[in-house]
Each structure stands twice: as C-alpha cells, then as structure tokens.
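One letter stands for each residue in the lines below.
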Amino acid sequence: MGVPFEALLPYAIMTGFFAFSAVSVGKLREIQNGGKRGRRGIDQWDKQMMERDRRLTGFARGQTDKAAAPPGFELNNPWRCEERFM
C-alpha cells in the first residue's frame, strides 16, 4: 500500500520554506558585503584592515586604488583617547 501524496505535501512545503529562507539569508549577507561572499575566520589583522577599508570607502569590504586618502581621512582616527589627552 502506497503513501497518499497528501501526507507528503506538508513536508514538501516545509522543505521549500527552509530552502527559500536559506537562499534569502545567503543573498542578504552577500548584499551586505558589497556583492562579495561572506568572510569566515576573521582575525584581528583582517578586522583592522576591514575597518580601514570602511573608513576609506564606506564599505567594510570595499577597496580603493587611489594613492591619496580622501579629504578628512586624516582626522578620522580609529583610536579613541581620553578627553584629557586631546
């Protein structure tokens, strides 16, 4: 005796929604990374360079080939100091 297809419809719907959500989240992460794939295993050096790229271009994964920094970049210091040292 076979299994009626009506019994398998909920499983097909659940599987379809899981696949849809996985693809959607992957695409959202790709859009947030400027069209590049997500990064894994980021160490301190990578975080520092991504912060530098974000300050230069506005995107954490953006890169530029300009030799000179944009105006105002010299004042955009990532280091935080106490007010008494400023």
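Residues numbered from 1 in each chain as written. Predicted model: local features only at pLDDT ≥ 70, side-chain atom pairs only at ≥ 80, totals over all residues. Heavy atoms only, no water.

(A) Local environment of the overall build of the protein. The helix and strand tally for the protein stands at two helices and zero strands. A total of 86 residues make up the protein; the buried ones form 9% of that total. For the protein, the exposed area adds up to about 8000 Å²; of that, 61% sits on carbon and sulfur atoms. (Helix = DSSP H or I, 4+ residues; strand = E, 2+ residues; numbered from the N terminus. Buried < 20%, exposed > 50% of the residue type's maximum accessible area, 1.4 Å probe, protein only. Areas by Shrake-Rupley, 256 points an atom, 1.4 Å probe, with all protein chains shown as cover.)

(B) Highlighting helix α1 (residues 5–32). Taking 1.5 Å as the rise per residue, α1 with 28 residues should run 40 Å; its terminal C-alpha atoms sit 40 Å apart, in good agreement. A positive backbone phi angle near 75 degrees is found at glycine 34, which sits one or two residues after α1. (Expected span 1.5 Å × (residues − 1).)

(C) Main features of helix α2 (residues 44–57). Under the 1.5 Å per step criterion, the end-to-end length of α2 is 20 Å for 14 residues, consistent within 8% with the ideal 20 Å. Just downstream of α2, glycine 58 is the residue with a positive phi angle, here 95 degrees.

(D) Summary view of the side chain of aspartate 53. Its location among the elements puts aspartate 53 in helix α2. With a relative accessible area of 10%, aspartate 53 lands in the buried category. Apart from residues no more than four positions distant in its own chain, aspartate 53 is found in contact with Gly58, Phe59, Ala60, Gly62 and Gln63. (Contact = heavy atoms within 4.5 Å.)

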